[in-house]
Amino acid sequence: MIQDTGSASMMSDQQLIGLDQAHLLKIEDNSELLGQKFQCHHEVLIPLAKLIRQSEKDGIPLRVVSSYRSFEQQLAIWNRKYYQDILLNLRDGSQVSSQELAGKERVDAILHYSAIPGTSRHHWGTDFDLFDAGAIDQGYQVKLTEQEFSEQGPCANLHQWLEEMMQDYGFFKPYANDLGGVACEPWHLSYQPIAQPALKEFPQQLLRATLEESDLGGKEFVLPRLESLLQKYVYRINQD
Ligand SMILES: [Zn+2]
């Protein structure tokens, strides 16, 4: 059964940092179960399907915006923000052009919303970004902002529903509150029975070696303080 995970659900070090996909199940092979196509950890399919089914019964049809992401995909997200002239959201709510910031400040601004490649919980296939498909007008592009999940936002009902229901299905919100690391992300849901041991097993040495070999933008501002960045942006989460 799903809850009795044992060693079967343990991921390899490569899988934990997004370099290997053997732990994944392609949900597109099971789309009759969910009606959506994305990839997730093979042990998360059933609890996620149950959560989505219940949400549809309750009139708040969950849709997954983002699920599994590989190291390479996260690297592309990171480097786009580091090298291209795009707006980054700062902690105080203001925005600034990426290229106006010095390297270290740029890295810190990116980290507010985007993980260092290899450290995204999305690598595990246990974590999902969600919205309420029933509350969104056709043609509306979901942005995943705090405003959308506020009391006035279109995902207010989803926000409330998740608070009441997610734990019954094994899910929690690791970024429910801004703890000084990753920004508040009320749309990000995580499957605790697999994700919690994954975090405990996180392979710091393999991560460092992989980043050293990668073409990560701002590498010289990341590697010297990697351990403290991991404490702040990977280990510092809401526990339930
Ligand atoms: Zn997410």
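*Asks:* Any chance you could break down the overall build of the chain for me, citing the residues and the numbers?
*Replies:* Tallying secondary structure elements over the chain gives 10 helices and eight strands in all. Taken over C-alpha atoms, the radius of gyration comes to 18 Å for the chain, in line with the 18 Å a tight globule of 240 residues would show. Counting every position in the chain, which comprises 240 residues, the buried fraction comes to 34%. Of the contacts formed within the chain by residues at least 6 apart in sequence, a portion of 65% connects residues at least 24 apart.

*Asks:* Give me the lowdown on the pairing of strand E8 (residues 188-191), citing residues and values where you can.
*Replies:* A regular strand carries its side chains on alternate faces of the sheet. Taking every second residue as pointing to the same face, both faces of E8 are buried, with His188 and Ser190 on one and Leu189 and Tyr191 on the other. Pairing analysis gives three bridges linking strand E6 (residues 127-132) to E8, with the strands arranged antiparallel. Paired with Asp127 across the strands is Ser190, a residue of E8. Sheet topology places strand E7 (residues 171-172) next to E8; two bridges connect them, and they run antiparallel.

*Asks:* Can you lay out the confidence of the model for the chain for me, pointing to particular residues and giving the numbers?
*Replies:* Predicted confidence across the chain gives a mean pLDDT of 91, with 94% of residues reaching 70 or more. Here residues 1-8 is modelled with pLDDT under 50, and outside its nearest four sequence neighbours on either side it reaches seven contacts, counting other chains as well.

*Asks:* Let's hear about the sheet that holds E8: which residues, and what values?
*Replies:* Spatial strand order, E3-E6-E8-E7: four strands in an open sheet with antiparallel pairing. Unpaired on one side and paired on the other, strand E3 (62-66) and E7 mark the two borders of the sheet. Each of E6, E7 and E8 touches helix H7 (residues 192-200); the most contacted strand, E8, lies at about 85° to it.

*Asks:* An account of the environment of Glu227 is requested, with residue identities and associated values reported.
*Replies:* Following the sequence through the fold, Glu227 ends up in helix H10 (residues 226-235). By C-beta crowding, Glu227 is classed as exposed, having 10 other C-beta atoms within 10 Å. Expressed as a C-alpha distance, the spacing of Glu227 and Arg208, which sit 19 residues apart in the sequence, is 9.4 Å.

*Asks:* Go over the environment of Pro203, please, and point to the residues and values.
*Replies:* Topologically, Pro203 is positioned in the loop between H7 and helix H8 (204-213). Note on Pro203: 17 C-beta atoms within 10 Å, which makes it partly exposed. As a C-alpha pair, Pro203 and Gln95 span 108 residues in sequence and 33 Å in three-dimensional space. With sequence-adjacent residues up to four places away left out, Pro203 is seen in contact with Asp13, Leu16 and Ile17.

*Asks:* Can you lay out unusual backbone geometry for me, pointing to particular residues and giving the numbers?
*Replies:* A positive phi angle is found at Leu144, which is not glycine, with a value near 60°. On the secondary structure map, Leu144 appears in the loop between E6 and helix H6 (156-165).

*Asks:* Help me get a handle on the environment of Leu226, residues and values and all.
*Replies:* With respect to the helices, strands and loops of the structure, Leu226 is situated in helix H10. By the C-beta count within 10 Å, which is 16 here, Leu226 ends up partly exposed. Each C-alpha atom, one on Leu226 and one on Gly134, is 41 Å from the other, the two residues being 92 residues apart in sequence.

Cut-offs and rules
- Residues numbered from 1 in each chain as written.
- Predicted model: local features only at pLDDT ≥ 70, side-chain atom pairs only at ≥ 80, totals over all residues.
- Helix = DSSP H or I, 4+ residues; strand = E, 2+ residues; numbered from the N terminus.
- Rg over C-alpha atoms; globule rule 2.2 N^0.38 Å.
- Buried ≥ 20, exposed ≤ 12 C-beta atoms within 10 Å, placed from the backbone.
- Contact = placed C-beta atoms within 7 Å.
- Pairing = 2+ DSSP bridges.
- pLDDT = per-residue confidence, 0-100.
- Axes fitted to C-alpha atoms, helices over the stretch in contact; angles between N-to-C directions.

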